[in-house]
Structures are given as structure tokens and as C-alpha cells.
Amino acid sequence: MRTARSLSLSEEYPIAQAGRIASLFALPRPLESYDFPDKGNINRQTYLISAGSFPRQSEFLLQRINQQVFTRPWSVMKAMLASIESQQKSLARGELREGEEWETITLVPTKEGQPYLELNDRRGYSCWRLMVRIPETRTFKSLSEIPDKNEQVRIAEEAGSGLALYLSFTSCMDISSLESPLPGYRDTRLYYNQLLSVLEGNRSVEEASKYLPSDPVIRQSTEHHFLVHLPENEYRRRLNDPDLAPFIRLACEQEAFAMTLLEDMRLGRIRTVAIHGDTKLDNFLFSTRTGRAKALVDLDTIMPHTWLVDWGDMVRSLANVAGEKEPNLDRVRVDLDIYQAVARGFLRSARNVRPEEIERMVAAVQIIALELGTRFLADYLRGDTYFKLGPADPPDLNKTRAMVQLTLFQRLVEAADKTHRCIVEIQR
């Protein structure tokens, strides 16, 4: 049974709170806390902690798990710990080849010897972790921030290699005890059912009942997104938007294809393994000395699935020249040099991928673009309840995102012969 430390606290500044919480971990003194500007979009309470005296000073990252997103943080931490342990065992067995680099996240225990900290105070429950900041590394938000095309290609290849290394080093994880950190995440069937329910204009759970998942946990977490939340006039305006009509039709026509990976997993044609779940570029750390991929971080979305969705999501984002918010759809195209580089890096470093999985690598990229486009589309039509808009975002941002991803899907289908050929040639 989990026990949480109880504290009685007065109001305090976030940096002061970070310093106080860091003091509950097994760190050398003195401690200094700072804001961490490179925090992600979800775990916004992330701080840089400096511990010890010069010249033995070290840096750490203190992070509170966002419970509005991850409602069961202990489950997130269980999967994270299993991933770290699996990577460490693989490295200890000497599985790293010459010329490869890899380093795992290191969690600093609490003073009481626990791998993470659970607090109960008058603000409620919170879950914190403290990680050693991996030295001599850097990240990239996107390839577009790299001015040199040759360097873009090299980084894309290293990212592909890094994903293969991570998947290889975690391939022995026991998935039987893994819980999805986000109920319904990466369930293409659920996303399509949301779209179909929204297209029918359902506004109550009773109306949407035939589309709702049977699993009570998934249903509780997702049923809000099966319903229309817009005023009727605005819903009709969005639904009947002539710009969206071909994309709604495309998404519906491709429903069977979108289920391909799920069906292949169900029939045992491809393996179900522990995946990372969020393979965007800025989750990879690259060595500042060698330029090689050195770590894959942000281990919050580990779950059972096929590794092909990790591959597909990474290639979908890296090979999309225009980015995800480009209103001019003529600019949406597939960068075949980047696509080939990611594939080259992945297949170079992959240890135990199977021929039947390699055969589905091209389709997997298409499916993830289609899935994400469907998610954006459903969200725009129901009222932006999942991909919520910021104060500076245009009101039709999710419409644009949907059209970009569905256009990217079309471009990927058009390029299928070339992308398939590049994967075949890499294997020779």
C-alpha cells in the first residue's frame, strides 16, 4: 500500500516550493532551485535543482506529474521504473554496440528510500520525482530549427537509431502489469467512434451509448469526448464547412485501413510490446560531444502496443515539411530524405524487429497521420474539448491541424512506392 507524506504548508512561491520539496530527496547540500525553461507541455511544474558545493555540484530535474492528465501517477511511475530497469539490464549485459551511446534516466530516491515522493497537504495529493540531469546533451524542438539540411538529415537518422535502441533495450519488459497511463490513448477504434458519434450530433451519453467503450475506466475518462459541446448553430457551421467536407469524407472512407495495426495485433500477426508512446523529437537527447542520440526521456506514456505506432508517430512528425499548423495545404509534403534517414537509423540499430513488422512500417506512418487527423477533426467538430486552445490560438486551429494531418496522409499514400523502396534498399 502506498503511503504519502503529510505536510501542513502556507502559501509559497513555486521556486521556494521546489526547493523545499527537493530537500525531501537524498541530495547533497546546499540546494538551489530554478525554473526550467525547457519544460514540456504537460508536466509544467518542472524545476532545475543544483545540489552540492563546487566543484562537486550536480544538476537535477524536479518534476510534478500532472494529475489532470495522468490521473493515476503511481501507475505512471511503475511503468517508468520498469522501463529504466530494463534499459539498465540491457546495458549491463553489454548490448550496446561499438559507436552507439545510451544513457538511462536516473531517479534520485527520497530520504526515506522511496523512488518517488507522494505528498498529502492542504492542497491535496501530489506526486514528485527527481531525476539526474543527463550531462552534455541537447534537444531540438523540431528539425526546422537546424539551418543546415545535411545536419537535419543526420539528426533524423540519429533519432531513428535512438528509437530502435530504446525499443531494443525495453523489449523484455513484462507488459502484463502495464496500465495505460491515459485510458483510451492510441486506440484508433475509440477515436473513430468519437468521430462517428460527433458526426451524428450526439449530445448526451444516452444518445452516444452505442459508441461508448465497454471498459468502465476508459468510458469514465473519455465519454465527454463522444459528445458535441458547441451551440447548435456553431456545430452546424463547422459540420457543414465546405473546406472540411472532403476531409470528413476521407476520414470515414479510410476507417477500415485505420484499424489495420489494431487488427494485426488482435490476430497475433505482430507483437504487442511496451512502447514509449510519445516519440516527438524533443524527447530525444543528443550528445553535445558526438552528436549521437543518447537517451529517450519523458517516460510517462509507456503502454502495451505495437512498436510500429512509435515509429509511425516519429516519422509522421519529422517528415512533414510544413509542420502541424500550416494553413496552406499546398506546402504539406513528405521530405523523402528525412523519411529515408529515420528509416536508415532505425533499421541500423534495431535488434529484434520481425519481417512481418518491417512490412508494415510504411503503412504505420500513414495510419498514425490518419489517426491524428481524425482526432483533430472530431475535436474541432465537438468544440475543442481535448486539444484545448490557448488564448493566442485561432479558433479554427484544430480544423487546420486536422486538414494538415489528413493531407499528410494523402501525401504519404502517394509516396508509398518510394518509401517502401527506400526501406527495402536499406535492408540489402
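Further up the page is the structure itself.
Note that the structure is predicted; figures quoted are calculated from it, not measured.

(A) Geometry of the overall build of the protein chain. When its secondary structure is counted, the protein chain shows 15 helices and 11 strands. Oriented by its inertia axes, the alpha-carbon framework of the protein chain measures out at about 65 × 55 × 40 Å. Here the protein chain holds 428 residues, and the buried ones make up 52% of them. If you sum the accessible surface of the protein chain, you get close to 19800 Å²; carbon and sulfur atoms cover 49% of it. Of the side-chain charges in the protein chain, 56 are positive and 59 negative, and the distance between the mean point of each set is 2 Å.

(B) Representation of the nonpolar core within the structure. With 117 residues, the main nonpolar core has Trp311, Tyr339, Phe346, Met361, Leu377 and Ile423 as its most contacted residues. No other element matches the 14 residues that helix α13 (residues 361-382) contributes to this core. Excluding residues within four positions of it along the chain, Phe346 makes contact with Gly160, Ser161, Leu163, Ala164, Leu167, Trp307, Trp311, Val353 and Met361. Membership of the second largest hydrophobic core comes to 16 residues, among which are Ala18, Ile21, Ala22 and Leu62.

(C) Quick look at helix α2 (residues 73-92). If you check α2, its first and last C-alpha atoms are 28 Å apart, about what 20 residues at 1.5 Å a residue would give, namely 28 Å. Each element contacted by the buried residues of α2 is listed here: β6 (124-132) and α3 (149-169). Once α2 finishes, Gly94 follows within two positions and takes phi at roughly 80 degrees, a positive value.

(D) Highlighting helix α1 (residues 14-22). Listed in full, the buried residues belonging to α1 are Gln17, Ala18, Ile21 and Ala22. In an axial view of α1, the angular spread of the buried residues amounts to 130 degrees, which keeps them on one side of the axis. As for α1, its buried residues are in contact with β2 (31-35), β3 (46-51), β4 (58-64), β5 (117-121) and β6.

(E) The arrangement of the sheet that holds strand β10 (residues 293-296) in detail. The strand order β7-β9-β10 describes an open sheet built from 3 strands, whose pairing is antiparallel. A strand with exactly one partner marks an edge of an open sheet, and here the two such strands are β7 (137-138) and β10. The pairing of strand β9 (residues 284-287) with β10 spans 3 bridges and is antiparallel. Bridged to Phe286 within β10 is Ala293.

(F) Molecular detail of the packing of helix α10 (residues 307-318) against helix α11 (residues 336-349). Packing of α10 against α11 brings their axes to within 9 Å, and their N-to-C directions diverge by 145 degrees. In the crossing of α10 with α11, the sense of the turn from one axis to the other is right-handed. Seen from α10, the contacting residues are Trp307, Trp311, Met314, Val315 and Leu318; seen from α11, they are Ile338, Tyr339, Val342, Ala343 and Phe346. Here the residues of the contact of α10 with α11 sort into 10 nonpolar, no polar and no charged.

(G) A look at unusual backbone geometry. In this model, Arg29 is joined to Pro30 through a cis peptide bond whose omega is 0 degrees. For the peptide bond that leads from Phe54 to Pro55, omega is 10 degrees, which places it in the cis range. Residue placement: Pro55 occurs in the loop between β3 and β4. Even without being a glycine, Glu136 presents a positive backbone phi close to 55 degrees. When you line up the elements, Glu136 lands in the loop between β6 and β7. Under the relative-accessibility criterion, Glu136 is labelled partly exposed at 44%.

Rules and cut-offs
Residues numbered from 1 in each chain as written. Predicted model: local features only at pLDDT ≥ 70, side-chain atom pairs only at ≥ 80, totals over all residues. Heavy atoms only, no water. Helix = DSSP H or I, 4+ residues; strand = E, 2+ residues; numbered from the N terminus. Buried < 20%, exposed > 50% of the residue type's maximum accessible area, 1.4 Å probe, protein only. Areas by Shrake-Rupley, 256 points an atom, 1.4 Å probe, with all protein chains shown as cover. Lys, Arg positive; Asp, Glu negative; His and termini not counted. Charge placed at Lys NZ, Arg CZ, Asp CG, Glu CD. Core = buried A, V, L, I, M, F, W, Y, C linked by side-chain atoms within 4.5 Å. Contact = heavy atoms within 4.5 Å. Expected span 1.5 Å × (residues − 1). Arc of directions from axis to C-beta. Pairing = 2+ DSSP bridges. Axes fitted to C-alpha atoms, helices over the stretch in contact; angles between N-to-C directions. Left-handed = near helix turned anticlockwise from the far one by under 90°. Nonpolar A, V, L, I, M, F, W, Y, C, P; charged D, E, K, R; others polar.

Function cannot be read off these values alone, since they describe shape.
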